[in-house]
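Understanding the architecture of this molecule
Now for the letters of each chain:
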Amino acid sequence: MAKVAFLGLGVMGYPMAGHLKNKGGHEVTVYNRTPAKAEKWVAQHGGRHAATPREAAEGQDFVMICVGNDNDLREVTLAADGAFAGMRKGAVLVDHTTASAEIARELHAEAEKSGFDFVDAPVSGGEAGAVNGVLTVMCGGDKEPFARAEPVIAAYARACRLLGPPGAGQLAKMVNQICIAGLVQGLSEGIHFAKRAGLDIDALIDTISKGAAQSWQMENRYKTMNAGKFDFGFAVDWMRKDLSICLAEARRNGAHLPVAALVDQFYSEVQKMGGGRWDTSSLLARLER
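Attention in this report is confined to the structure presented alongside it.

Conventions adopted
Residues numbered from 1 in each chain as written. Predicted model: local features only at pLDDT ≥ 70, side-chain atom pairs only at ≥ 80, totals over all residues. Heavy atoms only, no water. Pairing = 2+ DSSP bridges. Helix = DSSP H or I, 4+ residues; strand = E, 2+ residues; numbered from the N terminus. Core = buried A, V, L, I, M, F, W, Y, C linked by side-chain atoms within 4.5 Å. Buried < 20%, exposed > 50% of the residue type's maximum accessible area, 1.4 Å probe, protein only. Contact = heavy atoms within 4.5 Å. Axes fitted to C-alpha atoms, helices over the stretch in contact; angles between N-to-C directions. Arc of directions from axis to C-beta. Salt bridge = Lys/Arg side-chain N within 4 Å of Asp/Glu carboxyl O.

1. Let's talk about the sheet that holds strand E5 (residues 92-95)
- The strand order E3-E2-E1-E4-E5-E6 describes an open sheet built from six strands, whose pairing is parallel. Taken across any chain shown, the strands that pair with only one partner, and hence form the sheet edges, are strand E3 (48-49) and strand E6 (117-120).
- In this sheet, E6 lies alongside E5 in parallel orientation, the contact comprising four bridges. Paired with Val92 across the strands is Asp117, a residue of E6.

2. With respect to the nonpolar core
- Formed by 34 residues in total, the largest nonpolar core has its most connected members in Phe6, Val30, Met64, Ile153 and Tyr156.
- Ignoring any residue separated from it by four or fewer positions in sequence, one finds Met64 in contact with Val4, Ala5, Phe6, Leu7, Val94, His96, Val152, Ile153 and Tyr156.
- Counting residues in hydrophobic clusters, the runner-up holds 22 residues, among them Ala5, Ala56, Val76 and Met87.

3. With respect to the sheet that holds strand E9 (residues 157-162)
- Taken in spatial order, the three strands make up an open sheet running E7-E8-E9, and their pairing is mixed. What marks the edges here is a single partner per strand, and that holds for strand E7 (123-124) and E9.
- Relative to strand E8 (residues 135-139), E7 runs antiparallel, the two sharing two bridges. Counted as the bridge partner of Val123 is Val137 from E8.
- On the sheet, helix H8 (residues 168-196) packs against E7 and E8 and is oriented at approximately 130 degrees with respect to E8.

4. With respect to helix H2 (residues 35-45)
- Turning to H2, its buried residues number three or more, namely Ala38, Trp41, Val42 and His45. Along the long axis of H2, the arc covered by the buried residues comes to 95 degrees, so they all point the same way. Seen from the buried face of H2, the exposed residues on the opposite side, beyond 90 degrees, are Lys40, Ala43 and Gln44.
- Residue Gly46 follows H2 closely and has a positive phi angle near 95 degrees.

5. Describing the pattern of salt bridges
- Applying the stated criterion to the full structure yields 15 salt bridges.
- The salt bridge involving Arg74 is made with Glu106; its shortest N-O contact spans 2.9 Å. Of this pair, Arg74 sits in helix H4 (residues 70-78) while Glu106 sits in helix H5 (residues 101-114), placing them 32 residues apart in sequence.
- Here Asp206 and Lys210 are joined by a salt bridge, their closest N and O atoms 3.1 Å apart.

Geometry only, nothing functional implied.
Okay, structure coming up:
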């Protein structure tokens, strides 16, 4: 059992913190910008809630964070009442936010100066993965703190791997989102074409999902896509945030991402249709306007 703080009880963080308490058996303190959410979590799971990130981090072995973006991350770590001000020497901060590789490197350097460790550890698997405790966790940082953090992360992870130095976890998550963007667009076009061609969608997918076209997106999203329902996963607004990080990094490292850039524009059209909170499979709705 470890003493763990979890900062950020959103769609992902709320169940992740629950797994730390109930499955991992850890002593958990939570913080959320909206205190009512933290109070609800404590009423449901036990543990305690803190008024600030600094208070939550004080005396903890591990501090886990899952917030929205780079700015949120800076606020919850580096502000006067941020977690960095409360962390003890030798502790490990694990950041599950999908953010830039740049801020991961910045926070790793700041943590090192203060005598504690930082691991960037963005996740994949969406809300269902968080609820079911089967997330994929992509990590960047130093080997020793990762080795200490991995058994704690295991409370909500199906796979967890150190992929390189600070920032490598964020870079891996960028690759994940680049791949998803192309897959979802291809699946959307395939279903759109099949419907126009008069094919039986269920029979079609049952057949082609046994071959080279198979993907997680196909098996888990085709039915809801075919039904025109788009409330089953990661929101378009968040995907555009992630793709903007990918495209900014590509400008820095010289990578060419023509499909990711194009799909990002398609998602902007979905937003204009009022679909900012629809899930990423809503690319089909754009084709069927």
